[in-house]
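Commentary on secondary and tertiary structure
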Amino acid sequence: MLFNSYGFIFLFFPVVFYVYFYLHDKKFFRTGKAWLTGSSFFFYAWWNPIYLPLLLFSISVNYFIGLRFAQDTNSKTRNLFLTTGIIFNLVLLGYFKYTNFFISNINSLLGSEISLVHLILPLGISFFTFSQIAYLADCYKGRSAETDFLNYALFVSFFPKMIQGPIARYEEIAPQFINPKNNGKDYTNMATALFVFAMGLFKKVFIADNLADWANHGFDTAKHLSFLAAWATSLSYTLQLYFDFSGYTDMAIGIALMFNISLPANFNSPYQAVSIQDFWRRWHITLSCFLRDYIYIPLGGNRRGKLRTYLNILITFLLGGIWHGAGWTFIFWGILHGLALSVNRIWQNLGFKINTALSWFITFNFVNLAWVFFRAKEWKDALKVLKGMFGLTGIVLPPALQTRLAFLADSGVVFGDMFPDFNNWRHMILYLSICIPVVFLAKNSGQFKERFQPTLQTAIITAVLLSAGLLSFFHAKQFIYEYF
Amino acid sequence: MMTPRRWYFLSLFFSAVLVLLAGALIFIIDPLAHYRYPSFYKPGFIAQERFLAPGIARNFTYDCPVLGDSILENFIPSYLDNKMAVNSIRLLLPSGSSYELGKLLDIVIKTGRAKKIIYELDVDSFLGEVDRKHKIWELPLYLYDDNPFNDLPYLLNISYLTVLVPKVMLANLFNTNELSKNTAYRDNRALYSRKKIIAKFLQVQRSDPNLDVETSTLEKMKKSFAVNLLSKIEGDRNTAYIIYFPPTSILAWKYAEHKGVLESYLRFKKYVFAKTSQLGNVQIYDFQDDEKITHNLDNYADLTHYSSDIDKLIINAMASRDNRYLLTENTVEERLDNLRRQVVRLDISQLE
């Protein structure tokens, strides 16, 4: 079930919300928690009921390993349980997410013909697995383990965050479920939550889903892309990804806040970053923190000399790339970011400084180029887009400029259809012209949330965003406007 | 400033009002004529036909609908009106499969308005499974049925609200040619050229070296024909049907040969004739072996789409029951053999 569906907004959410607080009103707090947990399982099972037992199994195993930490002080046994727990989680994730990737690589390397496994990737497995690895690592380090299975199950499965994060840590979430202050409806939270949800819904369905049409065409369908078409493709995707992911996160934050639960922020205007290090402090913040705290620092962080630091960064981002998807393009994307962070670190160590605007320009363009590998389904698609971006497939300008810029024809510039087969390309230009300044200059939804005041003006803005979002579910895509 | 509680409910109330207003506006203006023929403005041909066609079929006045895929794009209904003394309307679905066209035909038959139905039969549209739909251009099925409960995608759709409503209003304000049923989509002379179409042919031939041709092509086509067209004609015996095989370029047939489906296509045509000629309310015309049309590549914008001059020729032939094109028991075999010979002897290198 998606947040941006009528089923969720008009049926699932209201029922869960009102029953939950009805139980609270009647002082049935534990029943309320059980209701929320059961609803979260239902939310998960709606997508594919077959994987609900998998989620329950994962929750149970991690819960019991956590309990063992609480009961056992022997360091050897604790080590054994931590190792077992991490291996269990990684095997689960690896089996569902990476088996076919592994088999296809073995096949191409050895020329074997091992059949691929027919697996559907369980929704949100990367998120709930990482949350639980973090939980085990924290318990191992001495934080007291959760003894109440219901609390633990709710922490893992809480439906606003289960599918796409944020990757919340146990101590960020679980105490809020038992805090008496959070019992009962809180209209201050509900108002803020509605405001944030409306922003997220608008970002996801009104902006990102439209940009997706053009990005999909450029990456997946177009045979080749000229200079401007390639830039339009890559920028459409760069913006789509941000508005989609941050929009979904805003919705998650809003929905959780309806239940008086604050989820951690995940985005902070990442395309305003002035270095690649800054970017990773602003993009998918909860993943960055996880990678830092549970991979980079345990590897030694920056405590073992410069070379080892660079190596640690590379390993961390290589794993970050793999986490995002089972494919060499994801791995390459992770390595690119690892290298960029290492270069950034060397640059800082050498004491070099450059103009902030130039630094921002370099950072954004690097991120934009790297997303090409992240998005491309195959290498050839990435190369197609990059070739176009670097002008290797020629430059096409609108015929209207032909008389004024005719001299450019001698340099190979062609005057004709700039965006062949890009449906509604004028809308694309409009979207890009509005969204680019917004992501570069405007405040983000987290900052708007902090400044939120219940005024008539914000009520009208919320209503416009919410209704525009609700009217965009059946977005008829480009096809209604386009003839042949 | 107001209390958060008041703000919360006020925001929800405003949102509900805006959504309902949007839905009401679309219902009243009804830019796709889904509910009624518009009373206070002239309906316009303002969107892709997959969205327009069901409303036209359901609510426009006509007695001779012309159904087909994008090959009909330059078909001029008023020319047909003059030649055959009918009130025609063009109902085309770009890249329409026989299943999709069948859905449209269902609406037409249900209205009971048609005295004569002209069906442009593109053999390609019968390929694949019986219920094959276009892979990318999803058919908005909510516009094709009478169920009011699945109309939300029409009523609560920002695309219709922000694009189609203004578009139809502007078309009325400036009286643009989008209001004419004769609006041709691509009838631009500059589009038609021999050089272009040969290049196109060589391109598709090169880009498709390993064609996935099903051995069951003919059987599937027969099945699609039986379900998506024949059964509907059999159930509508009081209406006269004219089916015609459009004069796609000879290169389209050469491409069929390249794909290994030429014989299946020819046998399918024979099958269509055999099945419909027995019904009594069907005439079949075949323009596909007329070398004067199909070998003159300057008539075409690509392998299959031809100019409105050719459409006029088709209309003239149907209006005069031209025996050169009308298929009969005595001519069908010879006509198909003729087409086969033309395709086989065509030497692409001589065209280049």
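Above this note sits the structure.
Every residue gets a number counted from 1 within its own chain, in the order that chain's sequence is written. Chains and ligands are labelled sequentially in the order written, the chains with letters from A and the ligands with numbers from 1. pLDDT decides what is reported in this predicted model: residues at 70 or higher carry local features, side-chain atom pairs at 80 or more are listed and counted, and totals for whole chains, interfaces and linings draw on all residues regardless. With hydrogens and water excluded, all non-hydrogen atoms of the structure serve as input to the side-chain values.

Secondary structure is summarised from DSSP: a helix means a run of H or I of at least four residues, a strand means a run of E of at least two, and numbering begins at the N terminus for each. Each helix and strand counted, chain A has 19 helices and two strands in total. In this treatment the radius of gyration is a C-alpha quantity, and the globule benchmark scales as 2.2 Å times the residue count to the 0.38 power. Taking 2.2 N^0.38 as the reference for a compact globule, 484 residues should give roughly 23 Å; the C-alpha atoms of chain A span a radius of gyration of 24 Å, in line with that estimate. Each of the 484 residues in chain A was classed as buried or not, and the buried ones make up 57%. Between two residues, a contact is recorded if the distance between any of their heavy atoms is within 4.5 Å. Of the contacts made within chain A by residues no fewer than 6 positions apart, 74% connect residues no fewer than 24 positions apart. When the accessible area of chain A is evaluated, it comes to approximately 21,600 Å², of which 66% is carbon and sulfur surface. Burial status follows relative accessibility: with a 1.4 Å probe on protein chains alone, a residue under 20% of its type maximum counts as buried, one over 50% as exposed, and anything between as partly exposed. We get accessible surface area from the Shrake-Rupley algorithm with a probe of 1.4 Å; when it comes to residues, only the shown protein chains can shield them.

All right, on to helix α4 (residues 75-110) of chain A then. Residue and element names in this part refer to chain A. In a helix, the anticipated span is given by 1.5 Å times the number of residues less one. Helix length check: α4 (36 residues) gives 43 Å between terminal C-alpha atoms against 52 Å at 1.5 Å per residue, more than 12% under. In this scheme, the bend at a residue equals the angle between the axes fitted to the seven residues that finish there and the seven that begin there. Residue Tyr98 marks the point of greatest curvature in α4, where the axis turns by about 60°. At the C-terminal side of α4, Gly111 shows a positive phi close to 70°.

Here we take up the packing of helix α10 (residues 262-277) of chain B against helix α13 (residues 332-345) of chain B. Residue and element names in this part refer to chain B. Interaxial angle, 0 to 180 degrees, is taken between N-to-C directions of lines fitted to C-alpha atoms, where a helix line uses only the stretch in contact. Closest axis-to-axis distance for the α10/α13 pair is 11 Å, and the angle between their directions is 160°. Put simply, α10 runs roughly antiparallel to α13. Here the hand of the crossing between α10 and α13 comes out right-handed. The residues of α13 that touch α10, namely those facing Leu262, Glu263, Leu266, Lys269, Lys270 and Phe273, are Val332, Glu333, Leu336, Leu339, Arg340 and Val343. Charged means Asp, Glu, Lys or Arg here, nonpolar means Ala, Val, Leu, Ile, Met, Phe, Trp, Tyr, Cys or Pro, and polar covers whatever is left, Gly included. Here the residues of the contact of α10 with α13 are counted per class, giving seven nonpolar, no polar and five charged. Under this scheme an angle from 65 to 115 degrees is roughly perpendicular, one under 35 degrees roughly parallel, and one over 145 degrees roughly antiparallel; angles in between are oblique. Each crossing is labelled by how the near helix is turned from the far one, with a counterclockwise turn of less than a right angle marking it left-handed and a clockwise turn marking it right-handed.

On to the interface of chain B and chain A, then. Contacts between chain B and chain A engage 39 residues on the former and 36 residues on the latter. Taken together, both faces of the contact between chain B and chain A bury some 3,400 Å²; the carbon and sulfur share is 76%. Within 3.5 Å is the distance limit for a polar contact, defined as a pair of N or O atoms, with the added protein rule that one can donate a hydrogen and the other accept it, and that residues adjacent in sequence qualify only through two side-chain atoms. Seen at the junction of chain B and chain A, the total is five residue pairs in polar contact (both at pLDDT 80 or more). For the side of chain B that touches chain A, the secondary structure elements donating two or more residues are α1 (4-29), α5 (152-155) and α6 (158-173) of chain B. Taken together, the residues that form the side of chain B that touches chain A break down as 29 nonpolar, six polar and four charged. When two components associate, each loses some accessible surface as probed by a 1.4 Å sphere; the sum of these losses over both components is called the buried area.

A few words now on the environment of Tyr20 of chain A. All names here are of chain A. Note that Tyr20 resides in helix α1 (residues 6-25). For the pair Tyr20 and Phe158, spaced 138 residues apart in sequence, the C-alpha to C-alpha distance is 13 Å. Setting aside chain neighbours within four positions, we find Tyr20 in contact with Gly32, Lys33, Trp35, Leu36 and Phe259.

Time to look at helix α6 (residues 149-157) of chain A. Residue and element names in this part refer to chain A. Most of α6 is tucked away: eight of the nine residues are buried. Among the residues making up α6, those that are buried are Leu150, Asn151, Tyr152, Ala153, Leu154, Phe155, Val156 and Ser157. In the core, the buried residues of α6 are packed alongside α2 (29-47), α3 (52-71), α5 (125-140), α7 (159-162) and α8 (170-178). For α6, the N-terminal capping position is held by Asp148, with its side-chain oxygen 2.9 Å away from the main-chain nitrogen of Leu150.

Here the focus is the packing of aromatic side chains. Residue and element names in this part refer to chain A. Working definition: rings of Phe, Tyr and Trp (its six-membered ring) pair if their centres are within 6.5 Å, and the pair is stacked with planes under 30 degrees apart, edge-to-face with planes over 60 apart, and tilted otherwise. According to the stated counting rule, one finds 99 aromatic pairs over all chains in the structure shown. With a centroid separation of 6.0 Å and 35° between ring planes, the pair formed by Tyr63 and Tyr152 is classed as tilted. Remark: Tyr152 occurs in helix α6 and Tyr63 occurs in helix α3; sequence separation between them is 89 residues. The class for Tyr63 is buried, based on a relative accessible area of 6%. Here Phe245 and Trp283 contribute two aromatic rings whose centre-to-centre distance is 6.4 Å and whose plane-to-plane angle is 75°, an arrangement assigned as edge-to-face. Of this pair, Phe245 sits in helix α10 (residues 227-258) while Trp283 sits in the loop between α11 (276-282) and α12 (285-296); the two residues are 38 residues apart in sequence, bridging distant segments of the chain.

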